[in-house]
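Chain by chain, the residues run as shown.
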Amino acid sequence: GAGVSQSPSNKVTEKGKDVELRCDPISGHTALYWYRQRLGQGLEFLIYFQGNSAPDKSGLPSDRFSAERTGESVSTLTIQRTQQEDSAVYLCASSTSGGRYEQYFGPGTRLTVT
Amino acid sequence: SQQGEEDPQALSIQEGENATMNCSYKTSINNLQWYRQNSGRGLVHLILIRSNEREKHSGRLRVTLDTSKKSSSLLITASRAADTASYFCATGASGTYKYIFGTGTRLKVLA
């Protein structure tokens with residue numbers, strides 16, 4: 001079946017602009033995660049969605065970052081007033097249930113802020 | 001700071017040799033997972049070990065977990081050039097659903 005997909009694969013934006021990144025999880029997966037990975041670094045947890053429960057936003061680095069998910073479907077990560085330090089690969093993962101099962105990762109969106 | 005820390009940061013071995021990498025963490029966990037990342041295929045799940053398990057095998061992979069020492073190791077036996085990648089541990093902390101990834105070990109297998 002289809003895996004996790006993300007769009008766009010690459011995004012170049014000017015400092016100060018807003019960007020929206022999209023994630024399509026595997027159908028039926030109730031848990032969805034967003035991570036950020038800077039060049040040569042590990043993954044930083046950003047936010048977690050589980051079904052219709054309130055999301056865990058504890059990893060969002062500032063109020064410029066927000067994310068939404070409608071039910072158990074698509075999620076969007078929005079970064080407002082982008083800064084150069086936001087440049088990174090943003091990875092989305094889904095899982096059958098949070099915290100206990102493997103995560104399936106999308107290919108990521110490479111964001112470059114100029 | 002990152003929950004998991006991998007050691008070593010980088011490892012270079014000859015094809016056919018075994019590779020061992022370690023992960024240390026700080027708090028109680030539900031489970032620990034290992035992932036591989038290479039430029040061509042993104043992040044791929046390798047193995048999950050639960051907090052009540054001590055050892056797990058999958059093909060050429062062997063994972064151990066010592067909860068008293070808050071550490072895990074990943075052993076890749078009879079390495080191949082295709083094993084060249086970065087390897088990350090991810091810890092699922094007790095009482096939460098989020099995972100914290102370590103800094104990774106960059107493995108290079110020379111043909």
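Everything numeric here is computed off the predicted structure, so don't read it as measured data.

A. Broad picture of the interface of chain A and chain B. Residue-level contacts link 18 residues of chain A with 18 residues of chain B. Inspection of the chain A/chain B interface yields zero salt bridges. Where chain A packs against chain B, one counts five residue pairs in polar contact (both at pLDDT 80 or more). Within the residue set of the side of chain A that touches chain B, elements represented by two or more residues are strand 4 (31–37) and strand 5 (43–50) of chain A. Tallied by class, the residues present in the side of chain A that touches chain B amount to eight nonpolar, seven polar and three charged.

B. Seen up close, the state of the cysteines. Residues and elements named next belong to chain A. Taken as a whole and judged by the stated rule, the model has two disulfides over all chains. Between the sulfur atoms of C23 and its disulfide mate C92 the distance is 1.8 Å. Torsion about the S-S bond of the C23 and C92 cystine: about -60°, corresponding to left-handed handedness. Separated by 69 residues along the polypeptide, C23 in strand 3 (residues 19–24) and C92 in strand 8 (residues 88–95) bring together distant segments of the chain. Across the pair, exposure class does not vary: C23 and C92 are buried alike.

C. Structural context of the packing of aromatic side chains. The final tally for this structure, using the stated rule, is ten aromatic pairs over all chains. Measuring from ring centre to ring centre gives 6.0 Å for Y33(A) and Y35(A), while their planes differ by 15°; the resulting arrangement is stacked. Exposure remark for Y35(A): the relative accessible area of 0% places this residue in the buried category. Here the aromatic rings of Y33(A) and Y48(A) are separated by 4.8 Å at their centres, their planes lie at 45°, and the arrangement is tilted. With Y33(A) in strand 4 and Y48(A) in strand 5, this pair connects stretches of sequence that are 15 residues apart. Assigned by exposure class, Y33(A) and Y48(A) land together as buried. Ring pairing ties together the aromatic residues Y33(A), Y35(A), F45(A), Y48(A), F105(A), Y35(B), Y97(B), Y99(B) and F101(B), which thus form one cluster. One Lys or Arg, R50(B), reaches over the ring of Y101(A) and ends 5.9 Å from the middle of that ring.

D. Here's a closer look at the sheet that holds strand 6 (residues 65–69) of chain A. All names here are of chain A. Taking strand neighbours across the sheet as the criterion, the four strands line up as 1-3-7-6 in an open arrangement whose pairing is antiparallel. The open sheet has two free edges, formed respectively by strand 1 (5–7) and strand 6, since each of these has just one partner strand. On average, each strand axis in the sheet is inclined to that of its neighbour by 15°, with strand direction left out of account. Pairing of strand 1 with strand 3 involves three bridges; the strand directions are antiparallel. What sits directly across from Q6, in strand 3, is C23.

E. Local environment of the pattern of salt bridges. Residues and elements named next belong to chain A. Considering all chains together, one arrives at seven salt bridges over all chains under this definition. A salt bridge links R38 to E44, with the shortest nitrogen-to-oxygen separation between them at 3.4 Å. A salt bridge links D86 to R64; its shortest N-O distance comes to 2.8 Å. Pair noted here: D86 is in the loop between strand 7 (75–79) and strand 8 and R64 is in the loop between strand 5 and strand 6, with a separation of 22 residues, a long-range link. Assigned by exposure class, D86 and R64 land together as buried. A cluster of three or more residues bridged by salt bridges with shared partners is formed by R36, R38 and E44.

Rules behind the numbers
Residues numbered from 1 in each chain as written. Chains lettered and ligands numbered in written order. Predicted model: local features only at pLDDT ≥ 70, side-chain atom pairs only at ≥ 80, totals over all residues. Heavy atoms only, no water. Contact = heavy atoms within 4.5 Å. Salt bridge = Lys/Arg side-chain N within 4 Å of Asp/Glu carboxyl O. Polar contact = N/O pair within 3.5 Å; in protein donor to acceptor, adjacent residues only side chain to side chain. Helix = DSSP H or I, 4+ residues; strand = E, 2+ residues; numbered from the N terminus. Nonpolar A, V, L, I, M, F, W, Y, C, P; charged D, E, K, R; others polar. Disulfide = S-S within 2.5 Å. Buried < 20%, exposed > 50% of the residue type's maximum accessible area, 1.4 Å probe, protein only. Phe/Tyr/Trp six-rings, centres within 6.5 Å; stacked < 30°, edge-to-face > 60°. Lys NZ or Arg CZ within 6 Å of the ring centre and 35° of its normal. Pairing = 2+ DSSP bridges. Axes fitted to C-alpha atoms, helices over the stretch in contact; angles between N-to-C directions.

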